[in-house]
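# Chain and residue survey
Below are the chains, spelled out letter by letter.
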Amino acid sequence: MLHLTDLFLRSFSKGDLLLNESCDPNIRERFSKKNKQISNYPLHVKNIDEIYENLLDLFFEYLKNEFKFKITKQGIRILYGSWLYSFVIAIYDRYLILKNFDKENSLSNQIIPYIPMEKFNINFLSSYSAVFALIRSSNINQYIFQTLIDYLYHDRINKKQIEINKLINVTDSEFPNANFKKSYLRVFIFNLQKYIRKFIFSLSLNKCVFCFSYLSLSDMFRICLNFNSVYIPSEINDLNPFDFQNEKDLKIRKKLENFLINNLSKNLSEKNTFIVKPLIKILVELTPRCLLENLNDLSYVSSGLFLPVQNTKIFTANSYYLNDVFCMYVANNKVLTNSKFFIIQHGGNYGNAKFNSSEKHQRLSSDYYLTWGWVEDNKTIDIGICKKLKAVKKVRKTNIEILFITMELERYTYMLMSAPQGSDWIDYQKFLEATFKGLREEKFDIVLRPKPKSNCWNSLKRWQTITTKIDLKTNFFNLCSKSKLVISTYNAATYLETMSMNIPTIIYWDPNQWELRDSAKNIFGELKSMNVLIHDYEHLLETLNYAKKIGYENWWNYPARKAVVEKFCNEYAKLPKSYHKMFVKKFIYNGL
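Residues numbered from 1 in each chain as written. Predicted model: local features only at pLDDT ≥ 70, side-chain atom pairs only at ≥ 80, totals over all residues. Heavy atoms only, no water.

## What to know about a positive patch on the surface
Together, R222, K388, K390 and K581 line one region of the surface with positive charge. Counting through the fold element by element, K390 comes out in the loop between strand 11 (380–382) and strand 12 (400–405). (Patch = residues over 30% accessible without salt bridge, like charges linked within 9 Å, V, L, I, M, F, W, Y side chains within 5 Å. Areas by Shrake-Rupley, 256 points an atom, 1.4 Å probe, with all protein chains shown as cover. Salt bridge = Lys/Arg side-chain N within 4 Å of Asp/Glu carboxyl O. Lys, Arg positive; Asp, Glu negative; His and termini not counted. Charge placed at Lys NZ, Arg CZ, Asp CG, Glu CD. Helix = DSSP H or I, 4+ residues; strand = E, 2+ residues; numbered from the N terminus.)

## Thoughts on the environment of F87
Tracing the backbone through its elements, the reader meets F87 in helix 2 (residues 73–104). Along the sequence, F87 and P511 sit 424 residues apart, while their C-alpha atoms lie 28 Å from each other. Contacts of F87, omitting those with residues within four sequence positions, involve L134, L279, I282, L283 and L286. (Contact = heavy atoms within 4.5 Å.)

## Focus on the packing of helix 9 (residues 295–303) against helix 10 (residues 324–333)
Between helix 9 and helix 10, whose axes approach to 9 Å, the crossing angle comes to 80°. Relative to helix 10, the element helix 9 is oriented roughly perpendicular. Note on element contacts: helix 10 touches helix 9 through D324, V325, M328, Y329 and N332, opposite L295, L298, S299, V301 and S302. Of the residues contributing to the contact of helix 9 with helix 10, the split by class is 6 nonpolar, 3 polar and 1 charged. (Axes fitted to C-alpha atoms, helices over the stretch in contact; angles between N-to-C directions. Parallel < 35°, antiparallel > 145°, perpendicular 65-115°, else oblique. Nonpolar A, V, L, I, M, F, W, Y, C, P; charged D, E, K, R; others polar.)

## Brief notes about the pattern of salt bridges
Between side chains of opposite charge, pairing is possible as soon as their charged atoms come close. Under the definition given, this model contains 30 salt bridges. Note that E359 is salt-bridged to R363, the shortest N-O span being 2.7 Å. Here the residue E359 and the residue R363 both occupy positions in helix 11 (residues 357–365), the gap between them amounting to 4 residues, near one helical turn. For the pair shown, E359 and R363 are each scored as buried. The salt bridge involving E526 is made with K567; its shortest N-O contact spans 2.8 Å. One end of the pair, E526, is in helix 16 (residues 518–529); the other, K567, is in helix 19 (residues 559–572), and 41 residues separate them in sequence. Judged by relative accessible area, E526 falls into the partly exposed class, the value being 25%. Salt bridges sharing common partners tie together E359, R363, E376, D377 and R517. (Buried < 20%, exposed > 50% of the residue type's maximum accessible area, 1.4 Å probe, protein only.)

## Topic: the sheet that holds strand 11
What the 5 strands build is an open sheet, ordered 7-8-9-10-11; its pairing is parallel. At either end of the open sheet lies a strand with only one pairing partner, and these are strand 7 (208–211) and strand 11. Pairwise comparison of adjacent strand axes, ignoring direction, gives a mean angle of 20° for this sheet. Bridging between strand 8 (residues 313–316) and strand 9 (residues 340–344) involves 4 bridges; their strand directions are parallel. Note on strand 9: the bridge partner recorded for T316 is I343. Docked against the sheet, helix 10 engages strand 7, strand 8 and strand 9, running at close to 155° with respect to strand 8. (Pairing = 2+ DSSP bridges.)

## Focus: the pairing of strand 12
Across the 6 residues of strand 12, 6 count as buried, placing the element largely inside the fold. The parallel pair strand 12 and strand 13 (residues 446–449), bridged by helix 12 (residues 425–441), forms a crossover whose chirality is right-handed. (Right-handed = clockwise from strand over helix to strand, strands pointing away.)

## What to know about the sheet that holds strand 15 (residues 505–508)
The parallel open sheet is built from 5 strands, whose spatial order is 13-12-14-15-16. What marks the edges here is a single partner per strand, and that holds for strand 13 and strand 16 (533–534). Pairing analysis gives 5 bridges linking strand 12 to strand 14 (residues 483–488), with the strands arranged parallel. Pairing of I405 across the sheet is with S488, part of strand 14. Here helix 15 (residues 493–500) sits on the sheet and contacts strand 12, strand 14 and strand 15; the angle it forms with strand 15, its principal contact strand, is near 160°.

That is the geometry; function is a separate question.
Shown next, in the form of C-alpha cells:
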C-alpha cells in the first residue's frame with residue numbers, strides 16, 4: 001500500500017510505502033522503502049517560471065476585464081506573486097514526487113488510501129494561510145496528490161476509499177494569518193498609528209513609508225528628513241476577517257477556471273501543458289478569497305490607511321510577503337508611476353545561493369533591492385545590514401566554548417532555494433547529529449541552538465534524544481557573543497551576522513545541499529582556504545583542535561584569515577557605522 005501522506009499512520013503495516021517521510025522521528029526507520037524528493041531543482045526552474053509568469057499575465061488580464069480593476073503588471077506581481085509563486089512551486093514539486101516514485105518503484109497497481117474529494121472543505125481568506133497550509137497541512141497535500149493522480153495516473157492506481165463521516169475543514173483557523181495581529185494592545189497601537197497618519201496625511205508632509213523595515217526609529221527619522229519628509233509610523237496590520245465577509249462564490253471560481261483552461265496552454269511550451277488541468281483545478285480551490293471574492297474590499301481597506309499615494313518611497317523588509325493589505329497598498333500606488341518600491345534584504349542566502357525563488361520574487365517585484373553588500377545589477381544597491389548589530393569587544397567574557405547552530409525547514413516544499421528541500425532535510429539532520437556526537441566525544445564543550453518549527457520535522461525532539469545542552473531562551477546575539485566560537489550549519493543570516501560582529505565563526509555544511517552561484521564561488525573558496533568554510537567532519541575536527549590549542553581568538557585574528565573575512569563581509573555582510581548616512585549616500589549616488 002502506498003500512503004500519499006501520514007494521515008493514516010495507525011493503519012500502516014509492514015511493507016507499506018510512504019510517499020514523503022513522516023515528521024515523527026520515532027517512526028522514521030519503520031518502513032522498508034522511502035521515497036525522497038527530487039533535489040535537483042535547477043532542471044525544473046525554467047518550467048516552473050514559465051507556468052508562473054503565464055499565470056501572472058492571465059490574472060492581470062482577468063482582473064482588468066472581469067473586475068474592471070486598475071492595476072499594473074508590477075502591481076499584479078506584488079499582490080499575487082508571493083502566494084502564486086509558492087503555489088506553482090508546491091504543485092510542481094508534488095508532481096515531481098509522484099514522478100520520481102513512479103520511476104523508482106512504479107505507481108502501477110499501487111493501492112492508495114483515498115479520501116472522497118467531496119469531503120474536503122478548503123476555504124482561505126488570506127494568502128498567508130493558503131501558503132502555510134501548502135507547506136504544513138497533510139490534509140491539503142493529500143488533496144493535491146489525489147488531484148494530480150486523478151488527472152495524470154488515474155488508469156494505473158487502485159484507490160482504497162476511506163470512509164469519513166464529516167468534512168475535512170482546512171481554513172484560516174487551522175493556519176492563522178501571522179500578519180494579522182489581534183491582541184488588544186497591538187490593535188490599539190495600529191489604530192493609534194492610523195490616527196497619527198490621518199493628521200499628517202491631511203498636511204501632505206509625508207513622502208516615505210517604512211513598514212516592518214528592521215530599521216531603527218532614529219534611522220527612519222533621519223532618512224525621512226533627508227528626503228524632506230516627516231516620519232510617520234507605517235506598520236500595517238493585515239486582514240481583519242470582520243472586514244471581509246464574502247464567502248466562496250462557485251460561479252466566480254468556475255468562470256476563472258474556464259478562463260485559465262482556455263488560455264494557459266496557449267502560451268506554454270508543449271512539455272508543460274500536461275499539468276495545466278490539475279494545476280488549475282487545485283488553484284481555483286485554493287485561491288484565497290481576499291484575491292478574488294473580496295478583492296474590492298481589500299482595495300477599500302488599503303485605501304483607508306492614510307498613507308501617501310504619490311511620489312512616495314515605500315520600504316519594507318518582509319511585508320512584501322503575504323501581507324495582503326500592504327501589498328494591495330503598494331499595488332494601488334504603482335498605478336501612479338512616480339512612486340518607488342524598495343525591498344530591504346532581511347536574511348542570508350540572498351546574493352550567493354545558486355537559486356532562491358524568494359530573492360527572485362523580491363527583485364522582480366521591487367523597483368530597487370537594498371542588499372547587505374552585494375551588487376548584481378543596477379537594481380541592487382549595497383546598503384549593508386540594516387539590523388542594529390555591533391562588533392563584539394576584543395576582550396569579552398565567554399562561558400560557552402562552541403555554539404552549534406542548526407535549523408529546521410518546512411516539511412513540504414513551497415520555494416526553490418539551494419537548501420535541503422522537503423525530506424532532504426533528514427539528510428541534513430543526520431549529518432549534523434553525527435558531527436555533534438563526534439565533537440562531544442572529543443571533549444569539546446558544545447551547546448546547541450536549534451531553530452525548531454511547528455508542524456514540521458520535530459527537530460527539537462530529535463535533538464533532545466542526543467543532548468540536554470540546548471539553549472532556546474537566551475537572546476540569540478547575546479548567546480553568540482558569550483561563545484568562544486560559533487559553528488553555523490546552514491546558508492542564512494546567522495554566519496553573516498556573527499562574522500560581521502567579529503565573533504569567531506566556522507561555516508559547516510554539505511556543499512551539495514547548499515549550492516552557490518558562480519559569482520560567489522571565489523570568495524567562498526577563499527573562506528575555505530582559511531578553514532572558515534568546512535565541508536567534512538575530519539577537517540572540522542582538525543581545525544577545532546588547532547584553534548583550541550592556540551586560542552580561538554588567536555585563530556580568528558590570524559592576519560591572512562582576518563583579511564579574507566573582512567573582504568567577505570564587505571561583499572555579503574557589510575556593517576556600516578551609520579546606516580542612515582550610508583543609506584542617503586547610496587541614494588544620492590544612484591539618483592534616487
